[in-house]
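# Commentary on secondary and tertiary structure
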Amino acid sequence: MGYEPVIGIETHVELTTNSKMFCGCPADFGAPPNTNTCPVCLGLPGALPVVNGTAVEYAMIIGLGLNCEVAPRSIFARKNYFYPDMPKNYQISQYDQPLCVNGHLDVETGAGTHRIGITRVHMEEDTGKSTHVGEGGRIQAASHSLIDFNRAGVPLMEIVSEPDIRSAEQARAFVTELRAAVLRLGVSDAKLEEGSMRFDGNISLRLEGSEAFGTKVEVKNMNSIRSLQRALEYEIERQTALLEAGEPVVQETRHWDEEAGTTSGMRSKEEAFDYRYFPEPDLVPVAVDHQWRARVADSLPELPAQARGRYIEMGLDGPVATVISRDIEYGSVFEAAVAAGGDPQTVANWLTGEVTALVRRTDLSLAAGPIDGASLAELSAMVSDGRLSASAAKDVLAGVAAGEGPPAAVAEQRDLIQVSDTAALEPVVDEVLAANTDAIQKLRDGDDKVIGFLIGQVMRATGGKADPGAVTELIRSKAG
Amino acid sequence: MSDLADLTLAAAAGGLRSGDLSAVELLEAVHRRAAMTEANLHAYLTLDREGAARAAVGADAGFKRGADLGPLQGIPVALKDNMVTRGLETTCSSKILAGYLPPYDGTATTRLRAGGAVILGKTNLDEFAMGSSTENSAYGTSRNPWDPDRVPGGSSGGSAAAVAAGSAMVAFGSDTGGSIRQPAALCGIVGMKPTYGLVSRYGLIAFASSLDQIGPLARSVEDAVAALEVVGGYDPADSTSYPGAVPDYRSGLESGVSGLRIGVVTELNGAGIEPAVQAAVNRTLDQLENAGATIVQLSLPSVEYALSAYYLIAPAECSANLARFDGVRYGLRRLGENVEEMMSNTRAEGFGPEVTRRILLGTYALSAGYYDAFYGQAQRVRTLIIRDFQAAYEQADVLVSPTSPTTAFPIGARTDDPLSMYMSDVCTIPSNLSGDPAISVPVGLDDAGLPIGFQVMAPALGEPVMFRVAAEVERLAAFGVRAPLASSEVG
Amino acid sequence: MPVDIDIAKVARLARLALNDEELAGYRQQCEVILEHAALVQTLPTEGVTPTSHPLPRTNAFREDVITECLDREEVLAQAPERDGDYFLVPRILDEP
Ligand SMILES: [Zn+2]
């Protein structure tokens, strides 16, 4: 009998508020060290926190976007542990009365749709950043550490999933969908590389068909969606090997090593887990009444799953709809292109095909333009009405991306417009036919293969700009 | 009065406005007094002579321009050294903050500066406001101006001693379990803890956040009112600050107590109270009755549990509040092989025994498996105490008791027995748990010539009626005695 | 109620480097205080909501606007040890 993985994911998302969670310091990334600080976020003696109301609203937006219930009353708590980059040596977080509970997120994989429960969404504050100085910047080999408190106090949401995930692939799909949802909701930039979105995994194995949970291992330090999947795959293998050998899985926190592709146990002490939570006496409860909740719920933007459904109704196939709905930039370019008259499937194919390739090849950003909905609509119209060949269209797209102008202008400039005007083509066709009377005879005799040769002659004579469809029609009618 | 240092705030404020005296003269008189008394009293940790002189000159210039910034303009005030002052050493009487120069002013300090007050310096306290005698200060014990062999009370003992001795005209302290009222009682002055949330805690170095309140220590009820008017009122920097305007405290000061119901709390009178103290309180009650008040005897059964609840809640909150003193960003650092050792060495060395004890207590009370039995239960008891008070205020306008069960005790008498020290606060702690205002007014001396304080408690935001009764108690007691050390003959 | 405190564990949690003699002293004192404090356990409190706050206020929010930060030099001047614009601490053994 095989083992079934049971996985839950904790995701931390920094919010894109102007100011920090409990003080007026800027919450943005990349300021010179220790400049975005004040008595509150430095934990100076005497300072007191005050909740950023916008952060509460953003947290509510995430919660509602993940189909959570919003608690009518929630409170902050102090989570006590010592760490040098955490100024107060307690983190203001939420514990037994979080803002949002009981949600879910539907996730698509090749195997279908999976509903992953969301246990809770709660508010807390980020810590500062320690840089370990010494051998290779590794924590264990460092001689000392340098601390920058700019990030201390940045609003952080913790999103805790139920242990509903059953494979590393599902976990990957879950965080991909979650990231897409957060981006669509517009409350975080969810940049993995800057750490504004981070996740930890909890994983245990159990015999297939069993209802009981196995021993849980927490895996940390995955800094990409890909490494989350790899770390979970590694843990599944490691735990399977242990169980098959009859050895116990130890409940512990393990550290993912990206280079080695392995996890290893972290030094842990019993008291490390005694956080001594208690209600934060410096803050008063957050009370969300019906009106406030309704106002936020009504203003929620469309979520990826909803967009995907709508795209499928517009005629897209499932995988393409998933790709476009998960990316807010793709989604908005797609919608704009369709609104400008573009054919949905054609535009979608362009987006997921040539545009994606271009984005990968160059440092093109969709959000910044110049490839926008209008240009894609125009491009797709030019292809479908025969003015551009498929291959010429790729050149035009590259030209648009390079900032040469809108598609028609680029095509003109690069001399890529197909000639499909009969009046313009007729003299050329006549010339070709006159020079190839034997080929015409073969065509009349029913040898259809020869038409390709004739079309080729016309294309050569027009420098490749003739519309092959129009040319074919002309030859047939003239050959009679 | 011959010496300006002995003026009440009200008298000095009048003189400043009439031009009879200047803020500079007033400051000089107070500095002269401090020069005489400090060697004996050690009320101050830091005297900011230059800052005070600048403020006095500024206040006088303001008066000359006709600018009136309020009742504290030009008045020399002292701040307990747990109130953050920008660029002026703030230690909380702890080694762990030796030499600390805060980069900001707390809200109360900001309002005092804006109100033209002349900030004299920082007064001594029990380390991190934990104690009832100032014996827990890392920088030496302050002494009682009535008898230098005795404690001034605590934790705001330095503030109380300064006001009683004339080395400050008014002072601010903080009250977590009686830390303003008890030293005021022991030093024969008025000390007042406002309703929780009335004075911003922003810039008050936290001991127990849900109990701490800043309040005035003064030579009269009217002076306390004036001081509260300046620092009180809503502050958006403190989430637990009361929104809403500060009410008028003055209009009732002359109204007397006729028609008021005064409740004597059974649990806080009689048993455990020194006979001389109780006798003085009873005498005051008789006077109040003669003045037209109705005296009612009331029982608040859960108040018996207040001290126990307090010694769980306050240490628990303090264990988290004091976690930030870790040797990373400010204050003391002791070396260690790694950061954890550095923090542990710094904290072991930087905190004195009482603070260490409370951190340990609080850490234990919050730790896994004990939370509900200790901290959780203490908070439920707190609810019961609040309910008892609410019920009592249905039957009485104010409640009264002695402020402290005893008068000032000798230095060293209780240092070996934490519980007996904690008993000093048995009458004051309930108001901190309920969040209600309370004031101590001196009403007499015991046989040893030591002052006795009378406590008036009122419901939340009931300062107007509390001050009204306190003012009448003050008139009836006609205390009017000056501490023996508060005179130019002693030094 | 007799109280039995694992004082060494509590001291570690609180980051207090105390020697055995100090630990024994604190343990004894804390146990005495806690036995007295345990009086709260004798009061029936079933169904009583705990009070963490004497103030009946909710939703004390701040506008999401940026306010002035502290001057870095003034802040770092208080640091026991610094390296340039950073606070310097001895090596850190664990992840949080
Ligand atoms: Zn800040």
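Residues numbered from 1 in each chain as written. Chains lettered and ligands numbered in written order. Predicted model: local features only at pLDDT ≥ 70, side-chain atom pairs only at ≥ 80, totals over all residues. Heavy atoms only, no water.

## Looking at the overall build of chain B
The helix and strand inventory of chain B stands at 15 helices and 11 strands. The C-alpha atoms of chain B give 21 Å as radius of gyration, which agrees with the globular expectation for 491 residues (23 Å, within 12%). Partitioning the intrachain contacts of chain B with sequence separation of at least 6 by distance along the chain shows that 77% fall at a separation of at least 24. Total accessible area computed for chain B in this model is approximately 13800 Å², and 51% of it derives from carbon and sulfur atoms. Charged side chains in chain B number 36 positive and 53 negative. The centres of these two groups are separated by 5 Å. (Helix = DSSP H or I, 4+ residues; strand = E, 2+ residues; numbered from the N terminus. Rg over C-alpha atoms; globule rule 2.2 N^0.38 Å. Contact = heavy atoms within 4.5 Å. Areas by Shrake-Rupley, 256 points an atom, 1.4 Å probe, with all protein chains shown as cover. Lys, Arg positive; Asp, Glu negative; His and termini not counted. Charge placed at Lys NZ, Arg CZ, Asp CG, Glu CD.)

## Quick notes on the nonpolar core
Judged by nonpolar contacts, the single largest core of 268 residues is most densely connected at Phe 128 and Phe 467 of chain B. Among the elements that line this core, the one with the most residues is helix H9 (residues 306–321) of chain B, at 11 residues. If sequence neighbours within four positions are ignored, Phe 467 of chain B has contacts with Met 192, Val 221, Ala 224, Val 225, Leu 228, Tyr 249, Leu 253 and Ile 439 of chain B. The next biggest cluster of nonpolar side chains, apart from the first, holds 32 residues, and it includes Ile 324, Ala 348, Met 382 and Leu 416 of chain A. (Core = buried A, V, L, I, M, F, W, Y, C linked by side-chain atoms within 4.5 Å. Buried < 20%, exposed > 50% of the residue type's maximum accessible area, 1.4 Å probe, protein only.)

## A word on helix H5 (residues 304–313) of chain A
Residues and elements named next belong to chain A. By the burial criterion, the buried members of H5 are Pro 304, Ala 307, Arg 308 and Tyr 311. Along the axis of H5, the buried positions cluster into a sector of 100°, meaning they face one direction only. Positioned one or two residues after H5, Gly 315 has a phi angle of 110°, which is positive. (Arc of directions from axis to C-beta.)

## A word on the interface of chain C and chain A
Opposite the 36 residues of chain C that make contact, chain A presents 59 residues. With both chains or domains summed, chain C and chain A bury close to 4200 Å², and 59% of this area falls on carbon and sulfur atoms. Counting the surface chain C buries against chain A, the share from its top three residues, Arg 62, Asp 64 and Ile 92 of chain C, is 18%. Along the contact surface separating chain C from chain A lie zero salt bridges. Along the contact surface separating chain C from chain A lie 18 residue pairs in polar contact (both at pLDDT 80 or more). Looking at the side of chain C that touches chain A, the elements with two or more residues in it are helix H1 (7–13), strand S1 (61–62), helix H3 (72–76) and strand S3 (86–90) of chain C. The leading source of residues in the side of chain C that touches chain A is S3 of chain C, at five residues. Class assignment of the residues belonging to the side of chain C that touches chain A gives a composition of 18 nonpolar, five polar and 13 charged. Pairing of strand S10 (residues 142–148) of chain A with S3 of chain C involves four bridges; the strand directions are antiparallel. (Buried area = accessible area lost by both parts, 1.4 Å probe. Salt bridge = Lys/Arg side-chain N within 4 Å of Asp/Glu carboxyl O. Polar contact = N/O pair within 3.5 Å; in protein donor to acceptor, adjacent residues only side chain to side chain. Nonpolar A, V, L, I, M, F, W, Y, C, P; charged D, E, K, R; others polar. Pairing = 2+ DSSP bridges.)

## Let's talk about the pattern of salt bridges
All names here are of chain A. Considering all chains together, one arrives at 53 salt bridges over all chains under this definition. We note a salt bridge from Arg 198 to Asp 126, for which the minimum N-O separation is 2.8 Å. Of this pair, Arg 198 sits in strand S12 (residues 197–207) while Asp 126 is found in the loop between strand S8 (112–125) and strand S9 (129–134), placing the two residues 72 residues apart along the sequence. For Arg 198, a relative accessible area of 24% corresponds to the partly exposed category.

## Quick look at H9 of chain B
If you check H9 of chain B, its first and last C-alpha atoms are 22 Å apart, about what 16 residues at 1.5 Å a residue would give, namely 22 Å. A large share of H9 of chain B lies buried, amounting to 16 of its 16 residues. (Expected span 1.5 Å × (residues − 1).)

## Describing the layout of surface pockets
Taken as a whole, the second largest pocket spans an internal volume of roughly 1000 Å³. Residue lining of the second largest pocket: 49 residues in total, with Gln 379 of chain B together with Pro 50, Thr 51, Ser 52 and His 53 of chain C positioned closest to the centre. Of the residues forming the lining of the second largest pocket, the biggest block, nine residues, is contributed by helix H12 (residues 372–395) of chain B. (1 Å grid on protein atoms, 1.4 Å probe; cavity = no way out; pocket = protein on both sides within 12 Å on 5 of 7 lines; lining within 4 Å. Points joined across faces, edges and corners; volume = space filled by probe spheres on them.)

## Section: the coordination of the zinc ion
All names here are of chain A. Distances from the zinc ion to its protein donors, Cys 23 (SG), Cys 25 (SG), Cys 38 (SG) and Cys 41 (SG), fall within 2.3 Å. Counting gaps between the donor residues of the zinc ion yields the pattern C-x1-C-x12-C-x2-C. Taken together, the residues Cys 25 in the loop between strand S1 (3–14) and strand S2 (51–52) and Cys 41 in the loop between S1 and S2 connect sequence positions 16 residues apart. Residues Cys 25 and Cys 41 agree in their burial class; the two are buried. (Donors = N, O, S within 2.8 Å, 3.2 Å for Na, K, Ca; no water.)

## Things to note about the domain arrangement of chain A
Many descriptions give the size of an interface as the accessible area lost when the pieces come together. Parsing chain A into structural domains produces domain 1 (3–295), domain 2 (302–413) and domain 3 (422–479). Here domain 1 of chain A and domain 3 of chain A have C-alpha centroids that lie 67 Å from each other. (Domains from an automatic or database assignment.)

## Thoughts on the confidence of the model for chain B
On average, chain B scores 96 in pLDDT, and the residues at 70 or more come to 99%. Complex prediction metrics read pTM 0.90 and ipTM 0.96. (pLDDT = per-residue confidence, 0-100.)

## What about unusual backbone geometry?
In this structure, the amide linkage connecting Gly 154 of chain B to the following residue, Ser 155 of chain B, adopts the cis form with an omega of 10°. Following the sequence through the fold, Ser 155 of chain B ends up in the loop between strand S3 (118–123) and helix H5 (157–165).

## Let's talk about the packing of helix H8 (residues 344–361) of chain A against helix H9 (residues 373–384) of chain A
Residue and element names in this part refer to chain A. Viewed as axis vectors pointing N to C, H8 and H9 meet at an angle of 105°, and their least axial separation amounts to 10 Å. Viewed along their axes, H8 and H9 adopt a mutual orientation that is roughly perpendicular. Along the contact surface, H8 presents Thr 346, Val 347, Trp 350, Leu 351 and Val 355, while H9 presents Leu 376, Leu 379, Ser 380 and Val 383. (Axes fitted to C-alpha atoms, helices over the stretch in contact; angles between N-to-C directions. Parallel < 35°, antiparallel > 145°, perpendicular 65-115°, else oblique.)

## Description of the pairing of strand S9 (residues 398–402) of chain B
All names here are of chain B. Among the five residues in S9, five count as buried, and that is most of the element. Across three bridges, the pairing between strand S7 (residues 261–265) and S9 is parallel. By the bridge assignment, Gly 263 is partnered in S9 with Leu 399. As defined by bridge partners, S9 adjoins strand S11 (residues 451–457) across four bridges and the pair is classed as antiparallel. Along S11, the bridge assignment pairs Leu 399 with Met 457.

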